[in-house]
Amino acid sequence: MDEPSTDVPGDDERIIEGTGAAPGVAVGTAYRHEASAPRVHHGAIAPDEVDAELDRLANAVQRAEQELETVRTLAPDALAADTDAIFEAQALMLRDEDVLQAIRQRIREEKEPAGTAVQEVLGAHRERLEESDDAQLRTGADDLLEVEQRLLRALRRSTTMAHIGAQSVVVAEDLTATDLLRFRQHDLLGAASAQGGPASHAAIVARALGLPFLVGAGEALQAVASGERVIVDGTEGRLVVQPRAATVEEYRQRSADTSPPMGRGTEKTGRPLQTTDGHPVTLRANVGLEAELDRLRSGPGDGIGLLRTELFLRAKGDPRAVPEEQQVELYRTAAEAAGSAGATIRLLDLGDKDRGPGRAAGAPENDPVWGWRGLRMLLDRPDELLRPQLRALLRANQEGVLRVLLPMVTDVAEVRRVRQVMDEESDRLTEDGVPHDSNLPLGIMVEVPAAALQAPAFTELVDFFSVGTNDLTQYVLAADRGSGRSTVRHDALHPAVLGLILRVVEAGRMSGCPVEVCGEIAGDVQAVPVLLGLGVDTLSVSLPSLPGVRRIIRSVGYDAAKALARDVLQADDAQAVRRRARAWIDTHLSPAETAGSQDENARDPTASD
Ligand code: PEP
Ligand code: MG
């Protein structure tokens with residue numbers, strides 16, 4: 001990937017380069033978001049700020065309690081006895097009326113900001129406990145420190161929300177999907193982060209929200225201050241700071257020339273999608289938000305290839321706790337929007353979507369990316385998570401248009417277990433006389449290398465494979481998809497990842513089990529001919545990527561793509577694959593065929609080499 005660079009063309013205008021992760025352009029005011037350790041402002045507050053500060057404290061206590069409950073429910077069952085005691089102790093501390101009274105008193109009488117008052121009061125309690133001779137009381141000091149930090153973080157969150165203005169472009173070291181969803185409620189126009197990659201969850205959510213998003217902008221972003229006027233260009237991967245009037249005008253003109261992403265290139269002709277030599281291709285949509293369903297209804301398409309329920313249900317509150325009844329309604333809405341082509345609903349992939357500096361404190365493992373997430377979590381908590389979701393899907397499937405997809409599958413035994421639970425729930429629904437359709441095709445995400453390596457063993461048990469290249473790539477290349485220094489190495493066009501995809505395609509072909517690709521790479525125009533050439537004939541991509549991918553599929557010859565795939569499998573690394581794919585596109589496709597596609601589905605980290 002290109003080194004992020006700063007270019008100074010004169011006046012105060014500065015240009016910061018990065019990678020475009022969600023297309024579009026927005027002109028707004030920079031809002032700098034710091035998500036790191038809680039910081040406390042020690043200055044005194046004005047007398048007329050006391051009430052607001054007391055409210056802020058009350059909200060923070062409530063939020064900290066909710067967070068504690070969330071963390072408690074996430075702890076593995078095996079640890080429940082131990083963790084329940086710890087969380088109960090912390091919850092009692094949070095609710096301790098004497099302590100809260102002391103904090104409120106300092107805010108009222110000493111005019112201390114809530115954060116300072118919390119630190120003073122809890123700090124003094126902690127010191128007393130630490131000095132105690134009683135070992136149990138000394139342990140209590142650790143709990144109290146956690147409570148204090150939790151409360152400070154919760155307070156900080158309310159400060160953040162209080163200060164973000166309308167028409168903002170949030171600028172941060174790193175951003176999580178949750179951060180973007182929260183900021184969006186405050187009329188956010190766009191976002192830019194120093195870290196991050198286009199396959200991060202934040203990027204996926206930004207595309208779903210239609211929010212221009214620049215990632216990987218590097219250290220240069222640190223110089224952008226809150227209040228500066230900025231243009232975020234998520235298509236070209238650029239942030240213009242303090243733009244000249246002429247630059248703003250140029251961008252305005254450009255966005256006026258561009259119709260909304262779903263409008264551009266949208267076809268309603270029903271013309272079958274195929275390569276130039278008549279090879280049929282299915283193109284489905286990835287969705288995560290209810291708002292996307294309307295955009296889906298208005299376009300052509302082959303239904304939903306991936307509905308991420310951990311995002312979809314979040315609009316109704318904690319995705320783990322959305323009642324079965326409400327889930328049934330939501331899945332029916334998705335099925336109706338997808339039409340006869342159907343909707344693939346993925347079971348909750350909880351556990352890593354809040355990673356990064358903004359994630360909730362006390363997450364179950366230090367780095368859930370390597371640990372407890374997806375199906376592992378569902379199987380550990382069948383009654384709470386797996387059974388209600390499967391029941392809701394069986395019930396919503398009355399017209400038989402749903403498919404269920406399992407996230408983060410590692411071994412065959414896990415799929416057997418899900419099938420067994422699904423049968424049990426179907427029987428129970430029958431006994432209870434609840435209408436449902438047990439003809440619910442079951443597929444697995446191939447995103448843990450073990451599943452790709454053992455693909456032939458899964459073919460007996462599953463109805464389809466969907467390759468999740470976002471995770472597969474990070475596990476195969478040991479390159480974090482979300483943030484950190486290794487993100488630049490995260491590229492699904494690496495020959496090792498392509499080799500695994502080929503393995504799955506071959507296993508599918510031998511057994512008649514369809515193979516799709518739903519990771520972000522499927523929406524990358526340089527990758528599409530390679531994937532087709534590997535034998536993938538169903539792609540599922542984010543909504544903004546649909547028109548460009550459709551166009552490129554129509555321009556590619558299947559036989560020529562097969563030759564390209566054979567060639568790139570021999571390349572040294574992802575950059576070499578991209579060079580070869582780009583050269584192939586240059587020779588096989590006319591500029592007119594690729595122009596729009598490149599524009600809409602920009603990921604071209606090797607463009608300068
Ligand atoms: C993937 O890992 O490629 C995928 C599609 O799932 P998610 O991005 O939701 O982890
Ligand atoms: Mg995944």
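Each remark here, short or long, concerns the structure printed above.
Rules of the game
- Residues numbered from 1 in each chain as written.
- Chains lettered and ligands numbered in written order.
- Predicted model: local features only at pLDDT ≥ 70, side-chain atom pairs only at ≥ 80, totals over all residues.
- Heavy atoms only, no water.
- Core = buried A, V, L, I, M, F, W, Y, C linked by side-chain atoms within 4.5 Å.
- Buried < 20%, exposed > 50% of the residue type's maximum accessible area, 1.4 Å probe, protein only.
- Contact = heavy atoms within 4.5 Å.
- Donors = N, O, S within 2.8 Å, 3.2 Å for Na, K, Ca; no water.
- Helix = DSSP H or I, 4+ residues; strand = E, 2+ residues; numbered from the N terminus.
- Salt bridge = Lys/Arg side-chain N within 4 Å of Asp/Glu carboxyl O.
- Phe/Tyr/Trp six-rings, centres within 6.5 Å; stacked < 30°, edge-to-face > 60°.
- Lys NZ or Arg CZ within 6 Å of the ring centre and 35° of its normal.
- Expected span 1.5 Å × (residues − 1).
- Near = heavy atom within 4 Å.
- Polar contact = N/O pair within 3.5 Å; in protein donor to acceptor, adjacent residues only side chain to side chain.
- Areas by Shrake-Rupley, 256 points an atom, 1.4 Å probe, with all protein chains shown as cover.

Caption draft 1: Region of interest: the nonpolar core. In this structure, F465, I501 and L539 are the most contacted members of the largest nonpolar core, which totals 101 residues. Filtering out sequence-adjacent residues up to four positions away, I501 remains in contact with V467, T469, V517, L531, L534 and V536. Core analysis: the second largest hydrophobic core is formed by 26 residues, A60, L100, I107 and L155 among them.

Caption draft 2: Main features of the coordination of the magnesium ion (ligand 2). Protein coordination of the magnesium ion (ligand 2) is provided by E447 (OE) and D471 (OD), with donor distances spanning 2.0 to 2.1 Å. In this pair, E447 sits in the loop between β14 (442-446) and α15 (449-453) while D471 sits in helix α17 (residues 469-477), placing the two residues 24 residues apart along the sequence. On the basis of relative accessible area, E447 is assigned to the buried category, the value being 2%.

Caption draft 3: The pattern of salt bridges, seen in detail. In the structure shown here, the tally under the stated rule is 38 salt bridges. Across the salt bridge formed by E65 and R95, the nearest N and O atoms sit 2.8 Å from each other. On the criterion of sequence distance, the pair formed by E65 in helix α1 (residues 50-74) and R95 in helix α2 (residues 80-95) is long-range, its members being 30 residues apart. Here D471 and R481 are joined by a salt bridge, their closest N and O atoms 3.0 Å apart. One end of the pair, D471, is in helix α17; the other, R481, is in the loop between α17 and α18 (495-511), with 10 residues separating them in the sequence. Given a relative accessible area of 2%, D471 falls into the buried group. Overall, R481 belongs to the buried group, its relative accessible area being 3%.

Caption draft 4: Focus on the packing of aromatic side chains. Evaluated as defined, the whole model comprises one aromatic pair. Of note, R403 hangs over the ring of F464, and the distance from its end group to the ring centre comes to 3.8 Å.

Caption draft 5: Here's a closer look at helix α14 (residues 412-431). With 20 residues, α14 should reach 28 Å at 1.5 Å per residue; the first-to-last C-alpha distance of 29 Å fits that figure. Contacts from the buried residues of α14 go to α12 (375-380), α13 (382-396), β13 (402-406), β14 and α16 (455-458). Backbone geometry just after α14 places G433 at a positive phi near 70 degrees.

Caption draft 6: Inspection of the site of ligand 1 at higher detail. Around ligand 1 there are 17 residues in total, and R308, R346, G468, N470 and R481 lie nearest to it. In the model, an oxygen atom of ligand 1 is placed 2.7 Å from a nitrogen or oxygen of the R308 side chain. Note that an oxygen atom of ligand 1 is positioned 3.3 Å from one of the backbone N or O atoms of G468. Considering ligand 1 on its own, with 290 Å² of exposed area, one finds that the protein chains cover 100% of that surface. Of all the secondary structure elements, the ones that give two or more residues to the shell around ligand 1 are α7 (201-209), β11 (304-308) and α17. Counting residues per element, the shell around ligand 1 draws most heavily on α17, at three residues.

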